[in-house]
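# Examination of the molecular architecture
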Amino acid sequence: MGGDTVQLILAGIFLLFLVYLVGSIVLKPLKWIFKIIVNSFFGLLLLWAFNFFGSNFNFFIPLNWVTVLIAGFLGLPGLILLIFLRLVLGP
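In this report, we go over the structure that sits alongside the text. (Residues numbered from 1 in each chain as written. Predicted model: local features only at pLDDT ≥ 70, side-chain atom pairs only at ≥ 80, totals over all residues. Heavy atoms only, no water.)

## Details of the overall build of the chain
Summing up its helical and strand segments, the chain has 3 helices and 0 strands in all. Counted from the first residue to the last, the chain has its helices and strands arranged as α-α-α. Since a compact globule built from 91 residues should have a radius of gyration of about 12 Å, the 25 Å found for the chain marks it as more spread out than a globular shape. When the backbone C-alpha atoms are referred to their principal axes, the chain occupies close to 85 × 20 × 15 Å. Contacts in the chain between residues far apart in sequence, at least 24 positions, make up 54% of those at least 6 positions apart. Looking at the chain as shown, the accessible area adds up to about 7400 Å², and 81% of this sits on carbon and sulfur atoms. (Helix = DSSP H or I, 4+ residues; strand = E, 2+ residues; numbered from the N terminus. Rg over C-alpha atoms; globule rule 2.2 N^0.38 Å. Contact = heavy atoms within 4.5 Å. Areas by Shrake-Rupley, 256 points an atom, 1.4 Å probe, with all protein chains shown as cover.)

What follows is the structure in C-alpha cells.
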C-alpha cells in the first residue's frame, strides 16, 4: 500500500513538470508575438507623431511595415536612423 502512494506522488510530480514544460514551450512564442505587436504599435505612434510635426517642414517618413518595425524595435534611435536614411537616400 505504501509503494502505491509513492508511485502516485511521483507520477503527479512528473505530470506537473510535463505540464509546466509544455506550457513554457507554447507560451514563449506567444510572448514574442505580443511583444512585436506592442512595439509595432508604439513605432507606429512614434512615426505618426514625427510625420505630424514634420509636415510643417515638408518632411515625412512613409508608414509601412518596415519603417514601423524599425521604429518599434529600436525606438528613438530607430527613428533617427530612418530620418538619416531619408536624408541620405532622398525621396
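## Comments concerning unusual backbone geometry
Unusually for a residue other than glycine, Asn 58 sits at a positive phi of about 60 degrees. In this fold, Asn 58 is placed in the loop between helix H1 (2–54) and helix H2 (65–74). Given a relative accessible area of 70%, Asn 58 falls into the exposed group. (Buried < 20%, exposed > 50% of the residue type's maximum accessible area, 1.4 Å probe, protein only.)

## Some details on the nonpolar core
Within the largest apolar cluster, 7 residues are counted, these being Leu 47, Phe 50, Ile 61, Val 68, Ala 71, Leu 79 and Leu 82. Mapped by element, the contributors of at least two residues to this core are H1, H2 and helix H3 (76–89). Non-local contacts of Leu 79, meaning those with residues more than four positions away in its chain, are made with Leu 46, Leu 47, Phe 50 and Ile 61. (Core = buried A, V, L, I, M, F, W, Y, C linked by side-chain atoms within 4.5 Å.)

## Things to note about the environment of Ile 33
For Ile 33, the position within the fold is in helix H1. Residue Ile 33 is classed as partly exposed on the basis of its relative accessible area, which comes to 47%. In this structure, the C-alpha to C-alpha distance between Ile 33 and Ala 49, residues 16 residues apart in sequence, is 24 Å.

## Focus on the packing of aromatic side chains
Throughout the structure, instances matching the rule amount to 4 aromatic pairs. Their ring planes at 20 degrees and their centres at 5.7 Å tell us that Trp 48 and Phe 52 sit as a pair that is stacked. Of this pair, Trp 48 and Phe 52 both sit in helix H1, 4 residues apart, which is roughly one turn of the helix. Given a relative accessible area of 53%, Trp 48 falls into the exposed group. Centre to centre, the rings of Phe 50 and Phe 59 are 5.9 Å apart; their planes meet at 90 degrees, and the pair counts as edge-to-face. Members of the aromatic cluster, joined through ring pairs, are Trp 48, Phe 52 and Phe 53. Above the ring of Phe 60, the side-chain terminus of Arg 86 is found at 5.0 Å from the ring centroid. (Phe/Tyr/Trp six-rings, centres within 6.5 Å; stacked < 30°, edge-to-face > 60°. Lys NZ or Arg CZ within 6 Å of the ring centre and 35° of its normal.)

## Regarding a nonpolar patch on the surface
On the surface, Phe 14, Phe 17, Leu 18, Tyr 20, Leu 21, Val 22, Ile 25, Val 26, Leu 27, Leu 30, Ile 33 and Ile 37 cluster together to form a nonpolar patch covering roughly 1200 Å² of accessible area. You can see Leu 27 is positioned in helix H1. (Patch = residues over 30% accessible without salt bridge, like charges linked within 9 Å, V, L, I, M, F, W, Y side chains within 5 Å. Salt bridge = Lys/Arg side-chain N within 4 Å of Asp/Glu carboxyl O.)

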